Amino acid sequence: MAYYRPSKFGDCKVLAPNLRDSDKREVWASHGLEPLKALQFSFLLSEECNTIISDKQDIIGMFGVNNMGNIGVPWMLASDGLYEPSTARKFIKESREWVNNTQGKYSVLVNYVAKDNHKTLKWLKFLGFTFINLHKKYGVNPQPFYEFIRIRS
């Protein structure tokens, strides 16, 4: 059964060649980074970083949160393996639990997502995030991005 565990720096190198096209485009637009550098950057900046392992024991994603005081910056980069039916069902449930637990540490969770990253937009809505702004030219290689937020009640 698919699961996640605390990340190891070497997980970045394993996941990078398999990153989803939508995630590759997003990290290039937002930060001008290739997949490996984006994963390493995210790993190093994260207060918590986790690696998603498939039923076949493949590394299929990484996610975490960066600490900015009362504000948490959640992120996730993954391969298409995340969409395998058994993995997707389990991850959707566990991601909701993770976001709820993470929200307990931060009064606000906020980040940006590319406007054309449709699967991620749908997942973020499911997790209870609200899209508050559309930035038509966001990032170092400007593209339309939504700013999303979740506020602890």
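This write-up is about the structure you can find in this document. Remember, predicted model here, so these are calculated numbers, not experimental data.

So, unusual backbone geometry
Part 1: Phi is positive for Gln57, close to 70°, though the residue is something other than glycine.
Part 2: Relative to the helices and strands, Gln57 resides in the loop between strand E2 (46–53) and strand E3 (59–68).
Part 3: Assessed through its relative accessible area of 49%, Gln57 is described here as partly exposed.

Digging into empty space enclosed by the protein
Part 1: Enumeration according to the criterion identifies one cavity of 30 Å³ or more in this entry.
Part 2: Every residue lining the largest cavity is listed: Ala2, Tyr3, Tyr4, Ile52, Thr87, Lys90, Phe91 and Glu94.
Part 3: Broken down by secondary-structure element, the contributors of at least two residues to the lining of the largest cavity are strand E1 (3–6) and helix H4 (85–103).
Part 4: Take the lining of the largest cavity: its biggest share by element is four residues, from H4.

Structural notes on H4
Part 1: For H4, with 19 residues, the first-to-last C-alpha span of 27 Å sits near the 27 Å given by 1.5 Å per residue.
Part 2: When H4 is considered as a whole, its buried residues turn out to be Thr87, Ala88, Phe91, Glu94, Ser95, Trp98, Val99, Thr102 and Gln103.

Overview of the side chain of Ser30
Part 1: With respect to the secondary-structure elements, Ser30 resides in helix H2 (residues 21–31).
Part 2: Since its relative accessible area comes to 11%, Ser30 is described here as buried.
Part 3: With residues near it in sequence (within four places) discarded, Ser30 still touches Tyr138, Gly139, Val140 and Phe145.

A short note on the layout of surface pockets
Part 1: In this structure, the largest pocket spans a volume of roughly 730 Å³.
Part 2: Along the walls of the largest pocket sit 37 residues, with Val73, Pro74, Trp75, Asn111 and Tyr112 positioned nearest its centre.
Part 3: At the level of secondary structure, the elements contributing two or more residues to the lining of the largest pocket comprise H2, helix H3 (35–45), E3, strand E4 (71–78), H4, strand E5 (108–114), helix H5 (118–126) and strand E7 (143–151).
Part 4: The element best represented in the lining of the largest pocket is E4, accounting for six residues.
Part 5: Within this model, the second largest pocket holds a volume of roughly 280 Å³.
Part 6: Arg20, Met76, Leu82, Tyr83, Ala88, Phe91, Ile92, Lys119, Thr120, Lys122, Trp123 and Phe126 are the residues that line the second largest pocket.
Part 7: For the lining of the second largest pocket, the secondary-structure elements that each account for two or more residues are H4 and H5.

A closer look at the sheet that holds E1
Within a sheet, each strand pairs with its neighbour through backbone hydrogen bonds, oriented either parallel or antiparallel.
Part 1: Strand order in the open sheet formed by seven strands is E1-E2-E3-E4-E5-E7-E6, and the pairing between neighbours is mixed. Across the chains shown, the open sheet's two edge strands, defined by having one partner strand only, are E1 and strand E6 (130–138). Across this sheet, the average inter-strand angle for adjacent strands is 25°, counted without regard to direction.
Part 2: The sheet contact formed by E5 and E7 spans seven bridges and is antiparallel. Residue pairing in the sheet places Val108 in a bridge with Ile151 of E7.
Part 3: Lying over the sheet, H3 contacts E2, E3 and E4, oriented at roughly 130° with respect to E2.
Part 4: Its contacts with the sheet place H4 against E1, E2, E3, E4, E5 and E7, and it is angled at close to 10° to E3.

Some points on the packing of aromatic side chains
We describe a pair of aromatic rings using the distance from one ring centre to the other and the angle between the two ring planes.
Part 1: A complete count under the given rule lists ten aromatic pairs for this structure.
Part 2: Arranged with centres 5.1 Å apart and planes meeting at 85°, the rings of Phe129 and Phe148 form a pair that is edge-to-face. With a gap of 19 residues between them, Phe129 in the loop between H5 and E6 and Phe148 in strand E7 connect regions that are remote in the sequence. The pair formed by Phe129 and Phe148 is uniform in burial state, with each residue classed as buried.
Part 3: Site record: aromatic cluster; members linked through ring pairs are Tyr4, Phe63, Phe91, Trp98 and Trp123.
Part 4: Positioned above the aromatic ring of Phe126 is the side chain of Arg96, whose terminal nitrogen or guanidinium carbon lies 3.9 Å from the ring centre.
Part 5: Cation over ring: Lys119 sits above Tyr83, and NZ or CZ is 4.0 Å from the ring centre.

Calculation notes
- Residues numbered from 1 in each chain as written.
- Predicted model: local features only at pLDDT ≥ 70, side-chain atom pairs only at ≥ 80, totals over all residues.
- Heavy atoms only, no water.
- Helix = DSSP H or I, 4+ residues; strand = E, 2+ residues; numbered from the N terminus.
- Buried < 20%, exposed > 50% of the residue type's maximum accessible area, 1.4 Å probe, protein only.
- 1 Å grid on protein atoms, 1.4 Å probe; cavity = no way out; pocket = protein on both sides within 12 Å on 5 of 7 lines; lining within 4 Å.
- Points joined across faces, edges and corners; volume = space filled by probe spheres on them.
- Expected span 1.5 Å × (residues − 1).
- Contact = heavy atoms within 4.5 Å.
- Pairing = 2+ DSSP bridges.
- Axes fitted to C-alpha atoms, helices over the stretch in contact; angles between N-to-C directions.
- Phe/Tyr/Trp six-rings, centres within 6.5 Å; stacked < 30°, edge-to-face > 60°.
- Lys NZ or Arg CZ within 6 Å of the ring centre and 35° of its normal.

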